[in-house]
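Structure assessment
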Amino acid sequence: MSAQSKDKARRLAAPDIAARKGGEPVVCLTCYTAPMAGLLDAHCDVLLVGDSVGMVLHGLPNTLAVTLDMMILHAQAVVRGSSRALVVVDMPFGSYEASPEQAFANACRVMKETGAGAIKVESGPTAASTIAYLTQRGIPVMGHVGLRPQALLVEGAFKAKGRIASERERVLEEARLTDEAGVFSMVVEGVAESLARDVTAAVSAPTIGIGASSACDGQVLVTDDMLGLFDWTPRFVRRYADLKTEIGLAVERYAADVRARRFPGEAETYFGKS
Ligand code: KIV
């Protein structure tokens with residue numbers, strides 16, 4: 001194998017993403033299963049096993065009930081189904097906030113049991129010391145500032161950030177502290193364009209926006225949203241397919257064929273040798 005083809009076959013790692021600051025945009029999508037990982041892998045730099053899995057696949061009303069075991073199971077599937085993209089695993093609510101030691105123990109479980117390349121934590125006011133503790137001990141960390149879904153119960157609702165000055169300052173400060181703590185990249189969620197621009201300029205790590213304008217160094221979407229698997233999608237999502245309609249039509253045709261005894265036909269039937 002030549003050095004070049006060896007390099008092509010190598011899975012992307014956290015430093016490869018860190019090196020993309022201000023350069024080629026980072027392409028990221030959420031992913032929770034092996035078959036979907038197989039479909040996304042060739043096109044994405046990062047597959048994010050987000051705790052959104054709780055809402056998208058498990059029908060939960062928010063991300064708060066998602067457990068570490070759920071994240072590990074889905075991350076194992078995504079690592080198995082991909083070979084090129086960096087797999088990043090969200091640390092769920094309650095698995096990292098108590099202390100840097102708790103975060104390290106749980107992040108080690110994720111890394112050892114899944115083979116993923118990095119973890120992600122929502123960068124609340126006290127996260128910087130935890131992020132520094134993890135990165136200094138060999139765990140690549142992606143931060144997450146702006147709208148933080150795990151803060152839902154104290155915030156009351158999912159609201160875009162950065163419309164008032166004090167909030168802008170708070171998000172900017174959290175982004176700076178997250179950056180200084182050593183993240184290799186950070187998600188910036190649900191912020192006004194001017195704040196996304198200021199955060200991106202203020203930090204050395206690439207910013208990966210979701211509902212945060214084109215001012216970021218990369219973009220992430222929930223895959224099921226951009227594929228049109230839900231009736232409602234937030235304003236910041238562009239739908240690249242209408243799979244809900246496609247699936248509905250396919251299942252309708254299947255049900256009609258079964259009821260009319262058109263399926264299975266000869267082509268789908270095993271016949272014994274006579
Ligand atoms: O859980 C998730 O999917 C996320 C993305 C929305 C960034 O954190």
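Each remark here, short or long, concerns the structure printed above.
Below, the structure is looked at part by part. (Residues numbered from 1 in each chain as written. Predicted model: local features only at pLDDT ≥ 70, side-chain atom pairs only at ≥ 80, totals over all residues. Heavy atoms only, no water.)

Per the stated rule, a full pass over the model turns up two aromatic pairs. Measuring from centroid to centroid gives 6.2 Å for Phe104 and Tyr133, while their planes differ by 80°, and the two rings are edge-to-face. You can see Phe104 sitting in helix 6 (residues 100-114) and its partner Tyr133 sitting in helix 7 (residues 127-136), a full 29 residues away along the chain. For Phe104, a relative accessible area of 24% translates into the label partly exposed. (Phe/Tyr/Trp six-rings, centres within 6.5 Å; stacked < 30°, edge-to-face > 60°. Helix = DSSP H or I, 4+ residues; strand = E, 2+ residues; numbered from the N terminus. Buried < 20%, exposed > 50% of the residue type's maximum accessible area, 1.4 Å probe, protein only.)

The strands that make up a sheet pair up through hydrogen bonds in the backbone, lying either parallel or antiparallel. Pairing within the closed barrel is parallel, and its eight strands lie in the order 1-2-3-4-5-6-7-8. Each strand of the sheet is rotated relative to its neighbour by a mean of 25°, with strand direction disregarded. Judged from the five bridges that link them, strand 5 (residues 141-146) and strand 6 (residues 185-189) form a sheet pairing that is parallel. Bridging across to strand 6, Met142 finds its partner in Ser185. (Pairing = 2+ DSSP bridges. Axes fitted to C-alpha atoms, helices over the stretch in contact; angles between N-to-C directions.)

This part covers the layout of surface pockets. Taken as a whole, the largest pocket holds about 1,200 Å³ of empty space. Taken together, 46 residues form the lining of the largest pocket, with Glu189, Ile210, Asp225, Pro234 and Phe236 sitting closest to its centre. Residue assignment for the lining of the largest pocket shows that the elements contributing at least two residues are strand 1 (26-30), helix 4 (53-56), strand 6, strand 8 (218-221) and helix 11 (223-226). Ranked by residues supplied to the lining of the largest pocket, first place goes to strand 1 with five residues. Of the residues contributing to the lining of the largest pocket, the split by class is 25 nonpolar, 10 polar and 11 charged. Taken as a whole, the second largest pocket holds about 210 Å³ of empty space. Surrounding the second largest pocket, Phe93, Tyr96, Glu97, Glu122, Gly124, Pro125, Thr126, Ala127, Thr130, Arg148, Gln150 and Ala151 form its lining. For the lining of the second largest pocket, the per-class residue count stands at five nonpolar, four polar and three charged. (1 Å grid on protein atoms, 1.4 Å probe; cavity = no way out; pocket = protein on both sides within 12 Å on 5 of 7 lines; lining within 4 Å. Points joined across faces, edges and corners; volume = space filled by probe spheres on them. Nonpolar A, V, L, I, M, F, W, Y, C, P; charged D, E, K, R; others polar.)

Tallied over the full model, the rule gives 14 salt bridges. Across the pair Glu174 and Arg170 runs a salt bridge, and its minimum N-O distance is 3.4 Å. With Glu174 and Arg170 both in helix 9 (residues 165-180) and four residues apart, the pair spans about one turn of that helix. The partly exposed category is assigned to Arg170, whose relative accessible area is 34%. Arg176 is paired through a salt bridge with Glu173; the nearest N and O atoms lie 3.5 Å apart. Within this pair, Arg176 and its partner Glu173 are both found in helix 9, separated by three residues, close to a single helical turn. Judged by relative accessible area, Arg176 falls into the partly exposed class, the value being 32%. When its relative accessible area of 38% is taken as the criterion, Glu173 is described as partly exposed. The network of salt bridges with shared partners includes Arg20, Glu24, Asp45 and Arg84. (Salt bridge = Lys/Arg side-chain N within 4 Å of Asp/Glu carboxyl O.)

The values are spatial; any link to function lies outside them.
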